[in-house]
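Each chain, letter by letter, is given below.
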Amino acid sequence: MARKDEILSSFLKHEILTSKYELEKSDNPLTVREGLSSTKPIVKAIALIVDGLENPTPITDAALRNQIIQFLNETI
Amino acid sequence: MIIKKISIENFLCYYGVKEFELSDGLNIILGENGEGKTKFFEALDWLFSGDDSDLELLVSAKALEEAEVDSSFRVKVSIVVEQYDEKKIIGKSFVVKKKKANECSVSNYMLEGTEENKSGERIQVDGKKLLDRIFPFQIRRYSMFKGEAELDIFNNEDALMNLINLFSDAKYYDKYFEKGAFLRDKAEKAVEDSTKNDQKNKSLYEKLEWDIKQLAEEKYKISVHLNSTEEEIRKLEGNLQAAESHVKNADALDTINKRIKNIDEKISDLYGNIDENYTTSLFDENWIAVNFEPIHHEFADKVKQLSIQRRMLQSEFDKQKGIKEGERKARAELLNNSIPLPAGIPSKAHMEEMLKDKICKVCNTKSPEGSEPYKFMMKRLEEYLTSQAHKEEEAINEEPLFKNDYTNRLVNLSVSHEDNLKNLRGVRTRIKELFEFNNARKKDIEELNEQLEKEKAEREKILGNSNIAEEKLVDVLKNYNAWQNDLKQRNKEQVDYNSRLKVVEAELKTKREDKDNIDLKSANSFLIKTRAILRDIEIIFNDTKEMKFDEFIAKLQTKSNNFFGRINIESFTGTIVFTKRIKADKSFVDIELQEDGRTFYKPNQSLLTSMHISILFAISELASEIKEENFPMIFDAPTSSFGENKTAEFLNLIYETENQKILLIKDFLSTDKKTKALSIKKEFEHVNRKKAFWIKLERPFDKNNLKTINTQVITL
């Protein structure tokens with residue numbers, strides 16, 4: 001498993017995702033690629049952050065924020 | 001990475017080129033004290049982190065002695081390592097030029113790197129960069145240990161955190177925590193700006209913002225005080241725990257010191273009461289006259305007799321004198337009861353003139369010879385002449401019988417002696433009493449001295465039982481009492497701060513909820529939702545980071561205890577416990593040896609050493625798992641508190657571990673009592689190892705002359 005996929009998985013294990021967002025752990029994406037395709041806003045937002053930070057050319061704070069806001073704006 | 005070969009050339013006791021062909025796994029280097037173990041370690045330490053200072057002190061004295069004046073030779077330490085099937089060589093060296101006997105100049109050092117690829121091609125590279133690449137300095141910090149004391153790197157909380165950051169994932173998650181906070185912060189701001197566009201609740205909203213800011217500042221201040229108080233409490237508890245082992249002794253010492261002081265004062269008082277000035281106060285002044293009484297009686301009798309005799313003589317003298325006086329008075333009364341003219345009137349010359357002229361010129365009467373007037377005048381002349389003679393006799397008779405009153409003085413002396421006799425009669429008693437008094441005080445002093453010796457012996461015993469000096473032991477008690485008071489105070493402060501913190505946090509929560517409620521009514525719903533998601537993402541990132549940290553600590557604890565149990569097989573060890581604590585929003589870890597959840601009371605050095613080694617091995621193993629790379633560990637005399645049997649068990653355990661380990665130990669060597677020859681004990685045959693070496697000084701050598709010192713390397 002690639003490092004960024006491991007990181008995403010470790011975040012998606014958090015109990016808030018089941019308790020508050022009612023996500024089933026079994027439905028969790030296994031890779032960042034899968035996460036970016038998720039229909040769950042919080043999952044995709046986390047996947048976007050992991051993808052941005054684990055990129056060989058790390059994303060800037062402003063670009064990351066814009067990316068997240070734009071995505072959420074379209075989704076929620 | 002493993003070290004395949006170590007070469008040491010003309011470095012201190014290593015004269016010429018000495019090579020160690022090492023293996024992966026356990027390498028044991030045996031050596032007696034003073035025969036080159038530590039110099040081996042120092043050679044590697046110099047290679048990895050030494051600088052240019054005092055290079056001439058690293059030169060082999062034997063090499064310098066044997067070199068010709070003006071000739072040069074090299075001091076060098078190098079390693080050949082294998083990493084990812086490639087060979088790399090790192091060497092540090094400098095050139096020594098002999099100027100004259102015992103004097104040399106040295107060049108700066110060179111750190112050379114060589115890389116050899118799989119096809120055997122060699123490339124020269126920057127030595128420092130190569131070293132940091134194959135054996136990073138952060139790893140070296142936890143790979144090389146000199147003696148048992150250095151094993152305990154965990155007393156320094158920063159050292160442990162560096163280590164955890166180096167090997168755990170937690171550090172990696174820091175950036176997610178930072179980004180999560182950044183995104184949430186921006187989302188909060190966007191919501192606030194949106195809400196402020198609604199003028200309806202503007203003033204209330206601004207007041208809430210102000211209150212929240214004030215409360216957040218208040219919370220921060222209380223947290224800082226609370227952290228600092230908790231830190232002080234930890235320190236105080238640590239101090240008290242460390243002092244506790246001494247306090248009993250310190251308390252006993254304090255009591256004994258007070259008793260000793262009391263005895264010393266009593267002895268001093270008793271010495272003050274003893275007056276042994278017998279010579280001047282008694283012997284010279286009175287004692288010499290103590291047998292004077294019979295002499296005095298004899299003297300007093302004689303004086304008495306003399307006094308009587310004198311008084312008798314005086315009485316007789318006075319009697320005679322009285323008679324004469326009586327006669328004189330009687331003669332005076334014969335002059336017709338009239339008062340006679342004084343003798344000499346008329347004068348002798350007139351009287352003789354009238355007798356010659358035979359006329360009484362007083363009454364103008366002729367006075368022929370034989371006539372009554374003539375006889376009268378003649379008698380008168382004779383009386384005068386007689387009176388003149390009588391006066392001389394009387395003058396003689398008026399002399400006192402005794403010109404000096406010696407007798408009286410003798411009597412006074414006798415009376416004075418009689419008075420002194422009363423004192424003299426008491427001299428014996430007084431001397432006796434003084435001797436008795438002084439002896440009694442001396443006996444008291446003797447008893448007190450015996451008591452003092454006992455107390456001092458007791459004190460020595462206490463000090464002997466303590467591993468700290470007397471002054472410090474005295475301080476321990478003072479500090480212990482002060483620390484206890486401080487601890488009470490800090491605990492009280494901690495309760496106060498916690499209670500204040502709860503109040504502020506509750507208030508802050510209420511204000512934030514109020515603010516959120518206004519946001520819900522006034523702000524854009526998209527912004528509210530975005531903020532909610534980003535708030536949760538921040539929580540997820542933070543919790544995951546903490547979880548990674550906890551997982552690493554748990555893993556480290558499990559692995560450490562695994563090694564710990566194996567090193568101390570079949571003996572009670574307790575458990576190594578890693579405890580996380582938060583200080584100023586940062587995580588720290590405390591390591592403690594516990595038994596049933598309580599701090600292990602005074603673990604011995606051997607147990608502590610094995611605990612430290614276990615943690616280091618656990619770290620090494622974790623490093624291998626996480627970094628997917630092995631690094632060697634080098635220990636100089638790590639087990640000096642172990643017995644030989646335990647060392648053997650320990651070495652057999654290390655043998656089973658994966659990483660390369662180089663251990664320098666002095667065990668398994670014996671010296672023949674007669675010949676002083678060194679040999680390796682048979683027990684070493686039962687010690688598992690991949691490679692073993694014996695470093696020993698070339699014999700004969702003069703221990704006072706470095707020029708004769710040369711460490712030989714024997715591969716076993």
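Definitions and limits used
Per-chain numbering applies: the sequence of each chain, read as written, is numbered from 1 onward. Each chain is given a letter, starting from A, and each ligand a number, starting from 1, according to the order in which they appear as written. Two thresholds apply to this predicted model, a pLDDT of at least 70 for residue-level local features and 80 or more for giving and counting side-chain atom pairs, whereas whole-chain, interface and lining totals are computed over all residues. No hydrogens and no water enter the side-chain calculation; it runs on all heavy atoms of the structure. Put simply, DSSP marks the helices as runs of H or I at least four residues long and the strands as runs of E at least two long, and each gets a number from the N terminus on. Think of it in three bands: residues with accessible area under 20% of the maximum for their type are buried, residues over 50% are exposed, and the middle band is partly exposed, with areas taken using a 1.4 Å probe on protein chains only. Should any heavy atoms of two residues lie within 4.5 Å, those residues are counted as being in contact. Each accessible area value is a Shrake-Rupley result obtained with a 1.4 Å probe; residue values ignore everything except the protein chains displayed when judging cover. Here the quantity called buried area is the accessible surface, traced with a 1.4 Å probe, that two parts lose on coming together, added over both. For salt bridges, the criterion is a side-chain nitrogen of Lys or Arg within 4 Å of an Asp or Glu carboxyl oxygen. Two N or O atoms form a polar contact when they lie within 3.5 Å of each other; inside protein one atom must be a possible hydrogen donor and the other a possible acceptor, and for residues adjacent in sequence the pair counts only when both atoms belong to side chains. In short, DSSP must find at least two bridges between two strands for them to pair. The pLDDT score gives, residue by residue, the confidence of the prediction method on a 0 to 100 scale. Stacked, tilted and edge-to-face are the three classes assigned to paired rings of Phe, Tyr and Trp, where Trp is represented by its six-membered ring and a pair needs centres within 6.5 Å; plane angles under 30 degrees give stacked, over 60 edge-to-face, the rest tilted. Charges are assigned to positions over rings by a cutoff of 6 Å between ring centre and Lys NZ or Arg CZ, combined with an angular limit of 35 degrees from the ring normal. Where helices are involved, their axes are fitted lines through C-alpha atoms of the stretch in contact, as for all axes, and angles between N-to-C directions lie from 0 to 180°. Angular relationships are summarised with four words: roughly parallel below 35 degrees, roughly antiparallel beyond 145, roughly perpendicular across 65 to 115, and oblique for the angles in between. Helix crossings are classified by the rotation of the near helix relative to the far one: an anticlockwise turn of less than a right angle makes the crossing left-handed, while a clockwise turn makes it right-handed. For this classification, Asp, Glu, Lys and Arg are treated as charged, while Ala, Val, Leu, Ile, Met, Phe, Trp, Tyr, Cys and Pro are nonpolar and the rest, including Gly, are polar.

Quick word on the overall build of chain B
Of the regular secondary structure elements, chain B holds 16 helices and 20 strands. Within chain B, buried positions represent 39% of all 716 residues. Look at the contacts in chain B between residues 6 or more apart in sequence, and 70% of them connect residues 24 or more apart. In the form shown here, chain B has an accessible surface area of approximately 41,300 Å², with 50% of it arising from carbon and sulfur atoms.

As for the interface of chain A and chain B
In this assembly, 26 residues from chain A lie in contact with 23 residues from chain B. In total, chain A and chain B occlude about 2,400 Å² of area from one another, counting both sides; carbon and sulfur atoms represent 74% of this. In this structure, Glu54 of chain A engages Lys175 of chain B in a salt bridge whose closest nitrogen and oxygen atoms are separated by 3.4 Å. Counting across the interface, chain A meets chain B through 8 residue pairs in polar contact (both at pLDDT 80 or more).

Quick notes on the sheet that holds strand E14 (residues 598-599) of chain B
Residues and elements named next belong to chain B. If you walk across this open sheet you meet the 3 strands as E12-E13-E14, and the pairing is antiparallel. At either end of the open sheet lies a strand with only one pairing partner, and these are strand E12 (575-583) and E14. Note that E12 and strand E13 (residues 586-595) share 9 bridges and pair antiparallel. Bridge pairing in E13 places Phe578 opposite Ile591.

Thoughts on the pairing of strand E1 (residues 2-11) of chain B
Residues and elements named next belong to chain B. Across the 10 residues of E1, 8 count as buried, placing the element largely inside the fold. Relative to strand E4 (residues 72-83), E1 runs antiparallel, the two being bridged by 7 bridges. For Ile3, the partnering residue across the bridge sits in E4 and is Val81. Two successive antiparallel strands, E1 and strand E2 (residues 14-21), enclose a turn made up of 2 residues, where Leu12 displays a positive phi of approximately 50°.

Digging into the side chain of Ser194 of chain B
As for its placement among the helices and strands, Ser194 of chain B is situated in helix H6 (residues 174-196). Look at Ser194 of chain B and you get buried, because its relative accessible area is 14%.

Notes on the confidence of the model for chain B
When pLDDT drops low, the exact placement of atoms in the prediction is not to be read closely. The predicted model of chain B averages 86 in pLDDT, with 93% of residues at 70 or higher. Confidence metrics for the complex model read pTM 0.61 and ipTM 0.97.

Side note on the environment of Lys488 of chain B
Residues and elements named next belong to chain B. Within the secondary structure, Lys488 sits in helix H13 (residues 470-522). The class of Lys488 is exposed, set by a relative accessible area of 61%. Lys488 sits 255 residues away from Ile233 along the chain, and the two C-alpha atoms are 9.1 Å apart.

Describing the pairing of strand E19 (residues 691-697) of chain B
Successive side chains on a regular strand alternate, one facing one side of the sheet and the next facing the other. Residue and element names in this part refer to chain B. A large share of E19 lies buried, amounting to 6 of its 7 residues. Judged from the 4 bridges that link them, strand E3 (residues 26-30) and E19 form a sheet pairing that is parallel. Bridging across to E19, Ile29 finds its partner in Phe693. Pairing between E19 and strand E20 (residues 711-715): 5 bridges, direction antiparallel. Residue Ile695 lies in a different strand from E20, and its bridge partner there is Val713.

With respect to the packing of aromatic side chains
Residue and element names in this part refer to chain B. On inspection of all chains with the given rule, the structure shows 18 aromatic pairs over all chains. Both rings, one in Phe135 and one in Phe631, keep their centres 6.1 Å apart while their planes meet at 10°; by these two values the pair is stacked. Of this pair, Phe135 sits in the loop between helix H3 (127-134) and helix H4 (137-141) while Phe631 sits in the loop between helix H15 (605-627) and strand E15 (633-636), placing them 496 residues apart in sequence. The class of Phe135 is buried, set by a relative accessible area of 0%. Positioned above the aromatic ring of Tyr15, the side-chain terminus of Lys62 is 5.3 Å from the ring centre. Its end group placed over the ring of Trp46, Lys92 keeps NZ or CZ at 5.1 Å from the ring centre.

A word on the sheet that holds E15 of chain B
Residues and elements named next belong to chain B. What the 6 strands build is an open sheet, ordered E9-E15-E16-E3-E19-E20; its pairing is mixed. Strands with a single pairing partner mark the edges of an open sheet, and in this sheet they are strand E9 (144-146) and E20. Sheet twist, expressed as the mean angle between neighbouring strand axes with direction ignored, is 15°. Sheet analysis places E15 next to strand E16 (residues 661-665), joined by 4 bridges and oriented parallel. Counted as the bridge partner of Ile634 is Ile662 from E16. Taken strand by strand, helix H16 (residues 644-656) contacts E3 and E16, and its axis lies near 165° from that of E16.

Comments concerning the pattern of salt bridges
Residue and element names in this part refer to chain B. Under the criterion given, the structure shown has 55 salt bridges over all chains. With a closest N to O distance of 3.7 Å, Lys100 and Glu103 form a salt bridge. Among the residues examined, Glu103 registers a relative accessible area of 33% and is labelled partly exposed. Residue Glu298 is joined to Lys302 by a salt bridge in which the shortest nitrogen-to-oxygen separation is 3.6 Å. Of this pair, Glu298 and Lys302 both sit in helix H9 (residues 293-333), 4 residues apart, roughly one helical turn. Assessed through its relative accessible area of 51%, Lys302 is described here as exposed.

A word on the packing of helix H5 (residues 61-75) of chain A against H6 of chain B
Relative orientation of the contacting elements H5 of chain A and H6 of chain B amounts to 60°, with a least axis distance of 11 Å. Classified by the angle between their axes, H5 of chain A and H6 of chain B sit oblique to one another. Crossing of H5 of chain A against H6 of chain B: the hand is right-handed. Contacts between H5 of chain A and H6 of chain B involve Asp61, Leu64, Arg65 and Ile68 of chain A from the first element and Lys179, Phe182, Leu183 and Lys186 of chain B from the second. Here the residues of the contact of H5 of chain A with H6 of chain B sort into 4 nonpolar, no polar and 4 charged.

Looking at unusual backbone geometry
Peptide bonds are, in most cases, trans, and in most cases residues other than glycine have a negative phi. Residues and elements named next belong to chain B. Cis geometry is adopted by the peptide bond preceding Pro700, which originates at Arg699 and carries an omega value of -10°. As for its position among the elements, Pro700 is in the loop between E19 and E20. Even without glycine at this site, Asp85 takes up a positive phi of about 60°. Residues other than glycine seldom take positive phi values, yet Ala637 does so here, at roughly 45°. Looking at Ala637, the relative accessible area reads 26%, which means it is partly exposed.

Some details on the environment of Ile626 of chain B
Residues and elements named next belong to chain B. Note on placement: Ile626 falls in helix H15. The sequence separation of Ile626 and Ser168 amounts to 458 residues, and the corresponding C-alpha distance is 7.8 Å. Among all residues touching Ile626, those that are not within four sequence positions of it are Phe167 and Phe552.

Quick look at the confidence of the model for chain A
The predicted model of chain A has a mean per-residue pLDDT of 90, with 99% of residues at 70 or higher. Mean pLDDT across the elements of chain A bottoms out in H5 of chain A (88) and peaks in helix H2 (residues 16-19) of chain A (94).

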